[in-house]
Amino acid sequence: MPGSSPAAEFQAIVRVAHELADLSGPVILKHFRKVTPVENKAHGGAFDPVTKADRGAEKAIVQALAARLPKDGVVGEEFGTTAGTSPYQWIIDPIDGTRSFIVGSPLWGTLIGVLKDGKPIFGLMDQPFTGERFWSGDRASYLSTGGGRPTRIKTRACPRLEDAVLTSTHPDLFETPEQAQSLSRLKDLTRLTRYGGDCYNYCLLAAGFVDMVLEPALKSYDIVALIPIIERAGGRVTTWTGGDASNGGNVLASGDPRLHDAALELINRA
C-alpha cells in the first residue's frame, strides 16, 4: 500500500480481512460436525488438537494474503511465520477454540489480526456457522449477522467486581498456583462465572453481555485480533500486570476500565 494515506491503508486492511474470512469460512464448515481426524500437536500427555479444518483455513488465508499483500508479514498458529518487508504483520488463528470445534460446539472462531510496527491496529473474529462477524473500525467496533448490515457494539458499564460477570475458557488451564489463585480471587468476588468460549467470550464482552475475561498463557495469535475489537468498543485488554497483551501471556479483558483497575488490584494484591 505504498503512497496511500493512513485512512486508505486501514480501509484496505479491513476489506482484505473480510475477504479472508469469506474464503476461510467455507473451508472450515465442510469439516464442522463431521467425522474428521484429530491430531494431537502436544507431547507428554498434554492435548493440543488440530484438524484439517485448521490447516486448510490457514493455508487459504496465507495464500490469499501472498497474492493480495505480498510485502506484509504473516504469523499463523499452524504454519508459523512468514517475514515481510512492510510495517504490517497479519496474525492468524484459523480456529480459536479447536476443542469446541471437535465436539460440535459453535463456541469457536477465526481470528484475523493486524499489527503495524508491532501494535494491534485491526481485528476480526468470524464465526461462519452462526454467521456472526465481529471487527474493529478505526474508532468503533461492529457486528454483522448473516452478512447483514453492521451494527455498532459497545461494552457495558460495570464498575464493581461484585456486579460483574466473569468468563474464562476452562479452570484447568490455570496450571500454576499463582494462576489458580488469580482466578479464585476474581471468581469468589464476582456475581457470576461461566466457563467455555475461547474467542467468543471476548466478543460477547465487546458487545456488552459479559464484563471480564481472564485467561492464562495465551499466544499472540489468541489475542491480537481481539484487542482492537474490545478497545474500540470501550473496554481494556492488558496482561495481569497491566502491560501490553499483544504478545500473549496471562491476559485480562474488561468492558469497563474502572472494573479493569479493580480486577488488576485484586489479582496483584499481596
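Owing to the predicted nature of the structure, the values given are computational and were not obtained by experimental measurement.

Novice: Requested: an account of the pairing of strand S13 (residues 212-218), with residues and values cited.
Specialist: The two faces of a sheet get side chains in turn, since along a regular strand they alternate between them. Here S13 lies mainly inside the structure; 6 of its 7 residues are buried. Of the strand pairs in this sheet, S13 and strand S15 (residues 249-254) are connected by 5 bridges, and their pairing is antiparallel. Within the sheet, the bridge partner assigned to Val213 lies in S15 and is Ala253.

Novice: How would you sum up the packing of helix H4 (residues 177-189) against helix H8 (residues 257-267)? Please name residues and give values.
Specialist: Axis separation between H4 and H8 bottoms out at 9 Å; the angle between their running directions is 130°. Regarding the angle of H4 to H8, the classification is oblique. Here H4 runs over H8; the crossing is right-handed. Residues Ser182, Arg185, Leu186 and Leu189 of H4 form the contact with H8, whose participating residues are Ala263, Leu266 and Ile267. For the contact of H4 with H8, the residue count by class is 5 nonpolar, 1 polar and 1 charged.

Novice: Report on the sheet that holds strand S11 (residues 165-168), specifying residues and quantitative values.
Specialist: Across the sheet, 5 strands lie side by side as S12-S11-S13-S15-S14; this open sheet has mixed pairing. Only two strands of the sheet have a single neighbouring strand rather than two, namely strand S12 (192-195) and strand S14 (236-239). Ignoring strand direction, the axes of neighbouring strands in this sheet form an average angle of 20°. Both S11 and S12 contribute to a ladder of 4 bridges, which runs parallel. Bridged to Leu166 within S12 is Thr193. Contacts from H4 reach S11, S12, S13 and S15 within the one sheet, and its direction differs from that of S13 by about 175°. With respect to the sheet, helix H5 (residues 199-206) is in contact with S11, S13 and S15, its orientation differing from that of S13 by roughly 150°.

Novice: Outline the layout of surface pockets, supporting the account with residue identities and numerical values.
Specialist: Taken as a whole, the largest pocket encloses approximately 940 Å³ of empty space. In this structure, the largest pocket is lined by 33 residues; those nearest its centre are Asp48, Arg99, Leu173, Asp198 and Asp222. Within the residue set of the lining of the largest pocket, elements represented by two or more residues are strand S5 (88-96), helix H3 (98-102), H5, S13 and helix H6 (220-223). By residue number, the principal contributor to the lining of the largest pocket is S13, which donates 4 residues. Residues that form the lining of the largest pocket fall into these classes: 13 nonpolar, 8 polar and 12 charged.

Novice: So what's going on with the pattern of salt bridges? Residues and values would help.
Specialist: Evaluated as defined, the whole model comprises 13 salt bridges. Where Glu39 meets Arg55, a salt bridge forms, and the shortest distance between an N and an O atom there is 2.9 Å. Pair noted here: Glu39 is in strand S1 (residues 39-40) and Arg55 is in helix H2 (residues 52-68), with a separation of 16 residues, a long-range link. Overall, Glu39 belongs to the partly exposed group, its relative accessible area being 40%. A network of salt bridges, in which partner residues are shared, links Arg160, Glu162, Asp163 and Arg191.

Novice: Any chance you could break down the sheet that holds strand S7 (residues 119-127) for me, citing the residues and the numbers?
Specialist: What the 8 strands build is an open sheet, ordered S4-S3-S5-S6-S7-S8-S9-S10; its pairing is mixed. Only two strands of the sheet have a single partner each, and these edge strands are strand S4 (80-82) and strand S10 (151-153). On average, adjacent strands in this sheet sit at an angle of 20° to one another, irrespective of strand direction. The sheet contact formed by strand S9 (residues 141-145) and S10 spans 3 bridges and is antiparallel. From the neighbouring strand, Ser141 faces S10, where its bridge partner is Ile153. Across the face of the sheet, helix H1 (residues 6-29) comes into contact with S5, strand S6 (109-116), S7 and strand S8 (132-136) while running at roughly 30° to S7. H5 contacts S5, S6, S7, S8 and S10 of the sheet and is inclined by roughly 105° relative to S7.

Novice: For the packing of H1 against H2, give the residues involved together with the corresponding values.
Specialist: Here H1 crosses H2 at 150°, and the two axes come no closer than 9 Å. One way to sum up the angle between H1 and H2 is to call them roughly antiparallel. The way H1 lies across H2 gives a crossing that is right-handed. Of the residues in H2, those touching H1 at Val16, Glu19, Leu20, Leu23, Ser24, Val27 and Ile28 are Ala53, Gly56, Ala57, Ala60, Ile61, Ala64, Leu65 and Arg68. Its residues assigned to classes, the contact of H1 with H2 shows 11 nonpolar, 2 polar and 2 charged.

Novice: Just give me the short version of the environment of Thr151, but keep the residues and values in it.
Specialist: Tracing the backbone shows Thr151 in strand S10. Judged by its relative accessible area of 43%, Thr151 is partly exposed. Along the primary structure Thr151 and Ser86 are separated by 65 residues, whereas in three dimensions their C-alpha atoms are 32 Å apart. Apart from residues lying up to four places away in sequence, Thr151 is in contact with Ser141, Tyr142 and Leu143.

Conventions used here
- Residues numbered from 1 in each chain as written.
- Predicted model: local features only at pLDDT ≥ 70, side-chain atom pairs only at ≥ 80, totals over all residues.
- Heavy atoms only, no water.
- Buried < 20%, exposed > 50% of the residue type's maximum accessible area, 1.4 Å probe, protein only.
- Helix = DSSP H or I, 4+ residues; strand = E, 2+ residues; numbered from the N terminus.
- Pairing = 2+ DSSP bridges.
- Axes fitted to C-alpha atoms, helices over the stretch in contact; angles between N-to-C directions.
- Parallel < 35°, antiparallel > 145°, perpendicular 65-115°, else oblique.
- Left-handed = near helix turned anticlockwise from the far one by under 90°.
- Contact = heavy atoms within 4.5 Å.
- Nonpolar A, V, L, I, M, F, W, Y, C, P; charged D, E, K, R; others polar.
- 1 Å grid on protein atoms, 1.4 Å probe; cavity = no way out; pocket = protein on both sides within 12 Å on 5 of 7 lines; lining within 4 Å.
- Points joined across faces, edges and corners; volume = space filled by probe spheres on them.
- Salt bridge = Lys/Arg side-chain N within 4 Å of Asp/Glu carboxyl O.

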